[in-house]
Amino acid sequence: MSATKIRADDRKRARIDLTPEVSACLDEASRAFGLSRSETLRRLIQASLDVGPALSAENSRTVAALASQVRMVGRNLSQLVHAIHAGRATAMEAALPIWEILDERVSAIDHELTAMTVAHGLKLRRAAHLPAIKG
């Protein structure tokens, strides 16, 4: 027996409780990777040591800042819809600069979140020796 082989009695068993939603995600990941649930979890754990957490401390701060911006956009939209329902809305031409600013903010938020999630997803897949997702 080689030094890298682990005897079955040397392995440690871990039990985790998953919500139905998380369990479904694990099943989906296992199907996508072509691995068992256990092997999918093992690879994700091993890959996380090389790659780090899905969200770094800096990413977590960025997400918090983006969440604040999303709330601000939501408040602006809510105020606009309220004004429309109350009959106080301005002409579309006058509101166009506001719509453009809202669109820029939403696009910036989308870009930032996509960059974070794609980068970490690709790192995790590479570290786990999984093929890139097509499409």
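Heads up: the structure comes first, above all this text.
Rules behind the numbers
Residues numbered from 1 in each chain as written. Predicted model: local features only at pLDDT ≥ 70, side-chain atom pairs only at ≥ 80, totals over all residues. Heavy atoms only, no water. Helix = DSSP H or I, 4+ residues; strand = E, 2+ residues; numbered from the N terminus. Buried < 20%, exposed > 50% of the residue type's maximum accessible area, 1.4 Å probe, protein only. Contact = heavy atoms within 4.5 Å. Areas by Shrake-Rupley, 256 points an atom, 1.4 Å probe, with all protein chains shown as cover. Salt bridge = Lys/Arg side-chain N within 4 Å of Asp/Glu carboxyl O. 1 Å grid on protein atoms, 1.4 Å probe; cavity = no way out; pocket = protein on both sides within 12 Å on 5 of 7 lines; lining within 4 Å. Points joined across faces, edges and corners; volume = space filled by probe spheres on them. Nonpolar A, V, L, I, M, F, W, Y, C, P; charged D, E, K, R; others polar. Expected span 1.5 Å × (residues − 1). Arc of directions from axis to C-beta.

Novice: Would you explain the overall build of the protein chain in this entry?
Specialist: On a plain count of helices and strands, the protein chain comes out with four helices and zero strands. N-terminal to C-terminal, the α/β element order of the protein chain is α-α-α-α. A buried classification covers 16% of the 135 residues belonging to the protein chain. Pairs at least 24 residues apart make up 62% of the contacts formed inside the protein chain by residues separated by at least 6 positions. Element-wise, carbon and sulfur atoms account for 59% of the exposed surface of the protein chain, whose accessible area totals about 10700 Å².

Novice: When you look at the pattern of salt bridges in this model, what are you seeing that I'm missing?
Specialist: When their charged atoms lie close together, side chains carrying opposite charge are able to pair. Using the criterion set out here, one finds four salt bridges in the structure. Between arginine 37 and aspartate 27 there is a salt bridge whose closest N-O contact spans 2.4 Å. Here arginine 37, found in helix H2 (residues 37-51), pairs with aspartate 27, found in helix H1 (residues 20-33); they are 10 residues apart in sequence, far enough to count as distant. With a relative accessible area of 34%, arginine 37 lands in the partly exposed category.

Novice: I tried to follow the layout of surface pockets on my own but got confused; where do I start?
Specialist: The rolling of a water-molecule-sized probe over the atoms marks out the regions of remaining empty space. Taken as a whole, the largest pocket holds about 650 Å³ of empty space. Taken together, 14 residues line the largest pocket, and the ones lying closest to its centre are Lys12, Arg13, Ala14, Ser38 and Arg42. Ranked by the residues each element gives to the lining of the largest pocket, the list is headed by H2, at five residues. Considered class by class, the residues forming the lining of the largest pocket number seven nonpolar, one polar and six charged.

Novice: Help me understand the side chain of threonine 40 in this model?
Specialist: Its place among the elements puts threonine 40 in helix H2. The buried category is assigned to threonine 40, whose relative accessible area is 1%.

Novice: I tried to follow H1 on my own but got confused; where do I start?
Specialist: Helical geometry note: an α-helix holds 3.6 residues per turn, so side chains three or four residues apart project in the same direction. For H1, built from 14 residues, the straight-helix expectation of 20 Å at 1.5 Å per residue is met to within 8% by its first-to-last C-alpha distance of 20 Å. All of the buried residues in H1 are Ser23, Leu26, Ser30 and Phe33. The buried residues of H1 all sit within an arc of 95° when viewed along its axis, so they share a single face. In H1, the exposed positions angled more than 90 degrees off the buried face are occupied by Pro20, Glu21, Glu28, Arg31 and Ala32. Glycine 34 occupies a position one or two residues after H1 and carries a positive phi of about 70°.

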